[in-house]
Amino acid sequence: MTQPPIPDILPLTASVHASCRLAIAGCDLRELIEEFGSPLYVYDELTIRSICREFMAHFTRMYPNSSIEYSSKAFSNPAILQIIEKEGLHLDVVTGGELAVASAARFPMDRVNFHGNNKSRAELVEAVKSGIGRVTIDSFHEISLLNEVAAEAGIVQSALLRLSPSIDPHTHRLTSTGILDSKFGFSIETGAAEDAVQQTMAACNIDLAGLHFHLGSPLFELEPYAEAIDYVCAFAARMRDRHGLEMREFSPGGGMAIGYMRSQPSPLISQYARTIAQSLITACDDHGFDLPKLTVEPGRAIVGRAGVALYTVGGIKRIPGVRTYVSVDGGMGDNIRPALYDSQYEVISVDNPLDEACEKVTIAGKFCESGDLLARDAELPELNPGNIVALPSAGAYCVPMASNYNMQTRPAIVLLSVEGIPRLIRRRESYADLLSTAVFE
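Scope of this entry: the structure provided in the associated data block.

The rules we used
- For every chain, the first residue of its written sequence is number 1, and the numbers climb from 1 along that sequence.
- The model is predicted, so local features are restricted to residues of pLDDT at least 70 and side-chain atom pairs to those at 80 or more, both for listing and for counting; the totals for chains, interfaces and linings are taken over all residues.
- Only hydrogens and water are set aside when side-chain values are computed; all heavy atoms of the structure are taken into account.
- The axes are straight lines fitted to the C-alpha atoms, using for helices just the contacting stretch, and the angles between their N-to-C directions are given from 0 to 180°.
- Secondary structure follows DSSP: runs of H or I at least 4 residues long count as helices, runs of E at least 2 residues long count as strands, and numbering of each begins at the N terminus.
- Roughly parallel means an angle under 35 degrees; roughly antiparallel, over 145; roughly perpendicular, 65 to 115; everything else is oblique.
- Left-handed describes a crossing whose near helix is turned anticlockwise from the far helix through less than a right angle; right-handed describes the clockwise counterpart.
- Throughout, a contact is declared for two residues whenever any of their heavy atoms are within 4.5 Å.
- Each residue is assigned to one of three groups, with Ala, Val, Leu, Ile, Met, Phe, Trp, Tyr, Cys and Pro labelled nonpolar, Asp, Glu, Lys and Arg labelled charged, and all others, Gly among them, labelled polar.
- The span one expects for a helix is its residue count, reduced by one, times 1.5 Å.
- Centres within 6.5 Å are what make two rings of Phe, Tyr or Trp a pair, Trp counting through its six-membered ring; a difference in plane orientation under 30 degrees is then read as stacked, over 60 as edge-to-face, and the rest as tilted.
- Between buried and exposed lies partly exposed: a residue is buried under 20% and exposed over 50% of the maximum accessible area for its type, with that area taken using a 1.4 Å probe on protein chains only.
- Two conditions define a charge sitting above a ring: the NZ of Lys or the CZ of Arg must be within 6 Å of the ring centre, and it must be within 35 degrees of the ring normal.
- A 3.5 Å cut-off defines polar contacts: any pair of N or O atoms within that distance qualifies, except that in protein one atom must be a possible hydrogen donor and the other a possible acceptor, and neighbouring residues in sequence count only when both atoms are side-chain atoms.
- Whether two strands pair comes down to DSSP finding at least two bridges between them.
- Handedness of a crossover is defined as follows: orient the strands so they point away from the viewer, and if the path from the first strand over the helix to the second runs clockwise, the crossover is right-handed.
- The term salt bridge refers to a pairing of a side-chain nitrogen on Lys or Arg with a carboxyl oxygen on Asp or Glu at a separation within 4 Å.

Some remarks on the packing of helix α2 (residues 45–62) against helix α9 (residues 269–287)
Following both chains from N to C, one finds α2 and α9 inclined at 30 degrees, their axes separated by 9 Å at the closest point. Classed by the angle they form, the pair α2 and α9 counts as roughly parallel. Between α2 and α9 the crossing geometry is right-handed. In this structure, α2 uses I51, E54, F55, H58, F59 and M62 to contact α9, whose residues at the interface are I269, S270, Y272, A273, R274, I276, A277, Q278 and I281. Class assignment of the residues belonging to the contact of α2 with α9 gives a composition of 10 nonpolar, 3 polar and 2 charged.

Right under this line is the structure:
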């Protein structure tokens, strides 16, 4: 059982250190564990910047009037958002909390888009007062609510309508969002989208700039984008003819995949750009539209590959003829994706990444659930207690979805600069943090 020593699901700066251990940005990962503790999440700045630039280059080449909007729900941290801002990307948020992180990072609010299917009045007030660039409306209640909030602020708020095009993106049912049976968006099929267009255009304090949809994630197929873009543009043409809608902006959302397993590589960013741009150009030509501004919303595809989760091996349980369980000091508390979505991850030995795999093991977490398994049937060199293992492509959704289940503290996060200098961007939680919100009599 052999495998490439440095698979391309690791950050771009991954290498084997002089110590013969796995390294990122020249930093020995075991040494990072010794300095910052275990488990530990490590992000590579160069990978984030490189992917931002790749998105910008491919989309603007294929469709000059493009903007890239980082979907911060994938991982929201001031240090990361500052990198995103410096690379010229826009940003979307889905809660007041993510808006607060953007504000703390001093992200220009005119480059921020507020998504979400149930924004509260308080959140909309915060967004409007901050000077937010766009609000993506997701319900009839929100149309009236946003109009009221904008009127109270004495402004006309620019907005998009989120539509549900009823296109199957062929991904996990829990991450499919553009289908008919979804909590997100106004359905074109039922007539709700047309009603939403009329109501929004009639709202005196909302400027309907355009339309948005999001099919789900991760999308390994390109055809659903093309199909949905044509369908939504045909709807936009009807709304233009019936109600005078001007589609100045258009967003097919995000959902771009990354490779989690060597055996399932994702499409190239250039392929997403080509499919989306050509589909929109063709649809606008077919339906008589001037080309709108195009906004795409990658989140996972920006930070997923840049992040690696590191764990220390503890107990090892061998059941002859059945399975070998290798327990680590993290699990579903810091990465619930395998338990929630049946997500698969590769596992790499930090201490001997060049050694040939000799055993098939299941990486088990430390939480009191039988389903707390990070990776099944991973082929690895011999592991012993105290060894360090890495899960690549852990940069998206693992940290944001982390919990304190079993009252476990959440791990620290380190950002490795382009120069290979480690910087703590979130400290490890303490027991005092766990009790900080408790109210004692």
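Some thoughts on helix α8 (residues 223–243)
Given 3.6 residues per turn, any residue in an α-helix points the same way as the ones three and four places further on. Across its 21 residues, α8 extends 30 Å between first and last C-alpha, which sits within 8% of the 30 Å expected from 1.5 Å per residue. Among the structural elements, β9 (157–164), α7 (192–202), β11 (206–213), β12 (249–251) and α9 are those in contact with the buried residues of α8.

Notes on the packing of aromatic side chains
Centre distance and the angle of the planes are the two values used to describe a pair of aromatic rings. Counted according to the given criterion, the structure contains 7 aromatic pairs. Ring centres of Y43 and F75 lie 4.6 Å apart, and the angle between their planes is 15 degrees; on these two criteria the pair is classed as stacked. Residue Y43 is located in strand β4 (residues 40–44), and its partner F75 is located in the loop between β5 (66–71) and α3 (78–86); the two are separated by 32 residues in the primary sequence. Per residue, the accessibility class of Y43 equals that of F75, and both read buried. On the basis of an interplanar angle of 70 degrees and a centroid distance of 5.9 Å, the ring pair of F213 and F250 is categorised as edge-to-face. Taken together, the positions of F213 in strand β11 and F250 in strand β12 put the pair 37 residues apart, joining distant regions of the chain. Each member of the pair, F213 together with F250, is buried. A cation sits over an aromatic face here: K119 above F114, 5.7 Å from the ring centre. Between R240 and the ring centre of F289, over which it is positioned, the NZ or CZ distance is 4.7 Å.

Topic: the side chain of Q157
Inspection of the secondary structure puts Q157 in strand β9. A polar contact is formed between the side chain of Q157 and the backbone oxygen of I132, at a distance of 3.3 Å. When sequence neighbours within four positions are dropped, the list of residues in contact with Q157 reads V128, I132, G133, R134, V135, L146, A150, N205, I206 and D207.

Comments concerning the sheet that holds strand β1 (residues 15–16)
On the basis of which strands lie adjacent, the open sheet formed by 3 strands has the order β1-β2-β3 and antiparallel pairing. Two strands in the sheet have a free side with no partner beyond their single neighbour: β1 and β3 (27–28).

Quick word on the pairing of strand β13 (residues 293–296)
Sheet topology note: the β5/β13 ladder contains 3 bridges and is parallel. Bridging from a neighbouring strand, S67 pairs with T295 of β13. Note: β12 against β13, 2 bridges, orientation parallel. Bridge pairing in β13 places F250 opposite L294. Remark: the β12/α9/β13 crossover connection has right-handed handedness.

Section: the pattern of salt bridges
Under the definition given, this model contains 18 salt bridges. For E249, the salt bridge identified is with R134, shortest N-O distance 2.3 Å. Taken as a pair, E249 in strand β12 and R134 in strand β8 (residues 134–137) lie far apart in primary sequence, 115 residues in all. Judged by relative accessible area, E249 falls into the buried class, the value being 11%.

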